[in-house]
Amino acid sequence: MRRAGPREDSVASAASSGPSGRTVAVIAVVLAAVTAGSAADALGLSPLRHFYLLPVLWAALAGGARWGGLTGLIAGLLQALVVLPGIEWFGFGPESLDGLLSMITPLSFGLLVGRLVDESRARDIRLRAVLDLQRSLNRDLALEDRLRLAAEQVRVALGAIRVSLVIGDAVESAIVVTAPVALDFDHGSAAAWTLCTGRAIYADDLHGDGRFAPCSGDGPFPVRGLVLPIESGSGRLGVLAVERAKGFSWAMRDGARQMAVHLALGVENARLTLRQRHFADELEAKVAEATDRLADLDRAKSEFVSVVAHELRTPLTALQGFSELLLARAVPPERASRFVRHLHTEAQRLGRIVGELLDLSRIESGGTLVLHREAIDVNELLERNAELFAAQHRDHRFEWTPCLGVPALEADRDAVDRMLKNLISNAVKYSPGGGRVALTAGPSDDHADMLELAVEDDGVGIAARDLPRIFDKYVRITSPETAMVRGLGLGLALVRTLAEAHGGMVEVESLPGKGSRFRVLLPV
Amino acid sequence: MPEPWPAVVRAGIAVMAACSAGLLVQALGRGWLSSVGHALASAAVHGGLLAIGWIVAVGHPPRWRKGALWLAGILALASVASRFTPWGSLLYLALPILFLRAGARHAALRWVGVGLPAELRPVALGLAAGAFLGAHLLVSASMTLGYGIRIVNPGQYLAAAAYDLGANALSAEWLFRGALFSHWWRRWEFWPAASASTGLVVLRYLLDPALPGTIEVRAGAVFYMTLLGFCSCALRASSGSLLPGYLATTAFFLAYRMLIQ
């Protein structure tokens, strides 16, 4: 039953461009033309009797098949008033045949010319609509705004009462735009059905179609629905749903299909452009971040040089001073012995600084650390360090409980010792008011086959924003409470390097004002 | 909406029974009784057409029965009254008013086109189309078949005009364009729906015992009712209202009533 009518709107705009307000004028001209034609016929001026075709031609050119056909029908009916009595009176002869042909000619002429006019108009409108669609979809707007413009253009081009564009592969996550704007998208609608199944639908009356939820229109006109999947080479992108009163001609359906194809291209292009823009923004942000990081690093390096100079100068000044005293005058043995102890302590300090600088040099050069792996008793190592630091820092309370289930660790003893010393030293330094420093060792709960050495304190803690960079070289996080803390900013970088050299890692959890917990995880 | 056809069949049987009863009374009765029988048969046919249209348009029996029976009652009263005095035909004029009131009250009737169109242009077009076809009929019949054109008895002419307004054109427009065309147009395209509806209109007039039996008249009836049917369907489809088609049909029949043999 779904045949296209002889000329049911080729495209809405083509049909609506008819001489709507000129109907009476057309009829008057037809009457005049036919009268003139009949008069010419009666007078024997046979070439002029086809004068009635002129208004039919005009109506067909101006209004297409609908108005051409109507004018032709009126012209034919008027001819009948002359032709039929002639047949009745004089019988059927060659003139009667001529008269009957004259009756039929205007109708067929009007329909034929009108149809050609409609087709050419419809093609013109379709091409223009497709160009407009491409322009809208390429505008520098958000995808949703571009789609809104496109939906409105499809609505105008097809003379639809409503057009919905659903972009996405699932009803819940799809972008839905409608023209005119509607607030809701019914999950039981024909558009949702096509989105799920990927099949095109033509419904004679969406309102009365039991398969779908009723649509908005419930007037004296059926609401025809055409729902097409929008597909590109990469798959289904969404759905184009067009609701129209009074039906779709085949030309209109073809037009809608073409628009769906162009929508697919446009949506694909728009998505690609947006993705490129997003990528460029991301890249720009990353470059800016890297630049900031480099600037930070440069600043840290400058500070480092200044700190190193200061750190070297302090023991050197002491060494120089005490050695000059010993050389310049005779010093009592007890005093000389004290001076020598000072000299020894400062030399040790200098040695530590030089050692750290050497480590730094090794890290900087990217060379691998040579590890001397041996079986280590972790409990013994922790106990010794706890006792050592407890003896030096009386204000702090060192907690250590030997763990019986600790597996044997194959690692470089010096490296593990230095990691522990660095972490404990940091815990002490960043707990300026004293407090608890807890040392624990045992199998890791969250990393299989890893041994965990943890150092926990109740110190000043570290802000979340600083956590990502505390293991970087030269970085020292300072606060008013820890402004007096000295160091090169290499301790944690060294801990990480040593842990990674063992195939392990180091992690930190910290809350400002509550303390920190560093975990060294080493494979067993 | 459930399919209305079982109810239509039941209503059709009831109409045929009522019509047969009327015709029986007409055949057996004498004088005024015969007139009443004829009036009842005529009222049964038009009431039946209106009731079937109501069923197709509205659907469920509880929603159509009251309105349809009410209209059929008035139709029967008008039909009987018109047999005794031409002024009785004025009762027919109540029917279009009742229809307009029903259209304003029931949303389902607006769905089939009972209501005024949004603009005046289709109304003017309907009147022009009906007047054109009517004029064409008059000229064609007078020139070709030798029919005369005049109003012999103004009273009878007005009675016939009232009958056309309240029963003939109203039932045709209501059933064939309002109910059936609207029903099919929601399922098919325009042309199949208009063809089916127009085919039934032509059949209804060919079966009308009031139509003269000559071949020329029957051919003319087919020709003009086909044109009028398509024209009314187009007007209903473009305006969303039955009024332009109703006016076209009325204008045509007003011209037709002027023909005398």
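For the structure, see preceding data.
Residues numbered from 1 in each chain as written. Chains lettered and ligands numbered in written order. Predicted model: local features only at pLDDT ≥ 70, side-chain atom pairs only at ≥ 80, totals over all residues. Heavy atoms only, no water.

1. Considerations on the overall build of chain B
Here's step 1: The secondary structure content of chain B amounts to 10 helices and two strands.
Here's step 2: Its helices and strands taken in sequence order, chain B reads α-α-α-α-α-α-β-α-α-α-α-β from the N to the C terminus.
Here's step 3: Per-residue burial over chain B gives 54% buried out of 261 residues.
Here's step 4: Residue pairs at least 24 apart in sequence account for 75% of intrachain contacts in chain B once pairs closer than 6 positions are excluded.
Here's step 5: Accessible surface computed for chain B: about 11,600 Å², of which carbon and sulfur atoms make up 72%. (Helix = DSSP H or I, 4+ residues; strand = E, 2+ residues; numbered from the N terminus. Buried < 20%, exposed > 50% of the residue type's maximum accessible area, 1.4 Å probe, protein only. Contact = heavy atoms within 4.5 Å. Areas by Shrake-Rupley, 256 points an atom, 1.4 Å probe, with all protein chains shown as cover.)

2. Topic: the overall build of chain A
Here's step 1: Counting its secondary structure elements, chain A contains 11 helices and 12 strands.
Here's step 2: In chain A, which comprises 524 residues, the proportion classed as buried is 43%.
Here's step 3: By element, 58% of the accessible surface of chain A is carried by carbon and sulfur atoms, the whole surface being about 27,400 Å².

3. Some details on the pairing of strand 9 (residues 435-443) of chain A
Residues and elements named next belong to chain A.
Here's step 1: Pairing geometry for strand 7 (residues 396-400) and strand 9, over five bridges, is parallel. Within strand 9, the residue paired with E399 across the bridge is A438.
Here's step 2: One ladder, built from seven bridges, connects strand 9 with strand 10 (residues 450-457); its direction is antiparallel. In the strand pairing of strand 10, G442 is matched with E452.
Here's step 3: Connecting strand 9 to the next strand, strand 10, in antiparallel fashion are six residues, including D449 with a positive phi near 60°. (Pairing = 2+ DSSP bridges.)

4. Focus on the packing of aromatic side chains
Here's step 1: All chains considered together, the criterion is met by 16 aromatic pairs over all chains.
Here's step 2: When the ring of F322(A) is compared with that of F339(A), the centres are 5.0 Å apart and the planes differ by 45°; the resulting orientation is tilted. Residue F322(A) is located in helix 7 (residues 250-328), and its partner F339(A) is located in helix 8 (residues 333-365); the two are separated by 17 residues in the primary sequence. We note that F322(A), like F339(A), is buried.
Here's step 3: Between F252(B) and F253(B), the aromatic rings sit 5.6 Å apart at their centres with planes inclined by 85°, giving edge-to-face as the arrangement. With respect to class, F252(B) is no different from F253(B); both count as buried.
Here's step 4: An aromatic cluster is present here, built from F221(A), F181(B), W185(B), F190(B), W191(B) and F230(B) joined pairwise through their rings. (Phe/Tyr/Trp six-rings, centres within 6.5 Å; stacked < 30°, edge-to-face > 60°.)

5. Focus: unusual backbone geometry
Residue and element names in this part refer to chain A.
Here's step 1: Between A179 and the following residue, P180, the backbone shows a cis peptide bond with an omega angle of -5°.
Here's step 2: For P180, the location among the structural elements is in the loop between strand 2 (175-179) and helix 6 (190-197).
Here's step 3: Residues other than glycine seldom take positive phi values, yet D449 does so here, at roughly 60°.
Here's step 4: Its location among the elements puts D449 in the loop between strand 9 and strand 10.

6. Quick word on the nonpolar core
Here's step 1: In terms of nonpolar packing, the biggest core is built from 44 residues, with L133(B), F181(B), F190(B), M225(B) and F252(B) touching the most fellow members.
Here's step 2: Looking at this core, the elements that each hand over two or more residues are helix 1 (5-28), helix 2 (32-58), helix 6 (121-145), helix 7 (154-185), helix 8 (190-206), helix 9 (215-239) and helix 10 (243-256) of chain B.
Here's step 3: For this core, the leading source of residues is helix 9 of chain B, giving 10 residues.
Here's step 4: Not counting residues up to four positions away in its chain, the partners in contact with L133(B) are L77(A), Y224(B), L227(B), L228(B) and F252(B).
Here's step 5: Core analysis: the second largest hydrophobic core is formed by 36 residues, I376(A), M419(A), V428(A) and L453(A) among them. (Core = buried A, V, L, I, M, F, W, Y, C linked by side-chain atoms within 4.5 Å.)

7. As for the interface of chain B and chain A
Here's step 1: Listed as interface residues are 27 residues of chain B and, on the opposing side, 32 residues of chain A.
Here's step 2: With both sides pooled, the region where chain B packs onto chain A buries about 2,400 Å², and carbon together with sulfur makes up 61% of that total.
Here's step 3: The largest per-residue losses of area from chain B upon contact with chain A belong to W185(B), R186(B) and E189(B), which jointly make up 27% of the total buried on that side.
Here's step 4: Counting across the chain B and chain A interface gives one salt bridge.
Here's step 5: Among the salt bridges present, the one from E189(B) reaches R253(A), with a minimum N-O distance of 3.1 Å.
Here's step 6: Our enumeration of links across chain B and chain A arrives at six residue pairs in polar contact (both at pLDDT 80 or more).
Here's step 7: Elements that contribute at least two residues to the side of chain B that touches chain A include exactly helix 5 (107-111), helix 6, helix 8 and helix 9 of chain B.
Here's step 8: Here the element with the most residues in the side of chain B that touches chain A is helix 6 of chain B; it accounts for nine residues.
Here's step 9: The class makeup of the residues in the side of chain B that touches chain A is 14 nonpolar, seven polar and six charged. (Buried area = accessible area lost by both parts, 1.4 Å probe. Salt bridge = Lys/Arg side-chain N within 4 Å of Asp/Glu carboxyl O. Polar contact = N/O pair within 3.5 Å; in protein donor to acceptor, adjacent residues only side chain to side chain. Nonpolar A, V, L, I, M, F, W, Y, C, P; charged D, E, K, R; others polar.)

8. As for the sheet that holds strand 4 (residues 223-232) of chain A
Residue and element names in this part refer to chain A.
Here's step 1: Here we have five strands laid out as an open sheet, ordered 2-1-5-4-3, and antiparallel in their pairing. Unpaired on one side and paired on the other, strand 2 and strand 3 (201-203) mark the two borders of the sheet. Adjacent strand axes in the sheet meet at a mean angle of 10° when their direction is disregarded.
Here's step 2: Here strand 4 pairs with strand 5 (residues 235-245) via 10 bridges, running antiparallel. Its bridge partner being in strand 5, I230 is matched across the sheet by G238.
Here's step 3: Contacting strand 1 (162-167), strand 2 and strand 5, helix 5 (residues 143-158) crosses the sheet at an angle of about 35° to strand 2.
Here's step 4: Running at roughly 40° to strand 4, helix 7 makes contact with strand 1, strand 3, strand 4 and strand 5 of the sheet. (Axes fitted to C-alpha atoms, helices over the stretch in contact; angles between N-to-C directions.)

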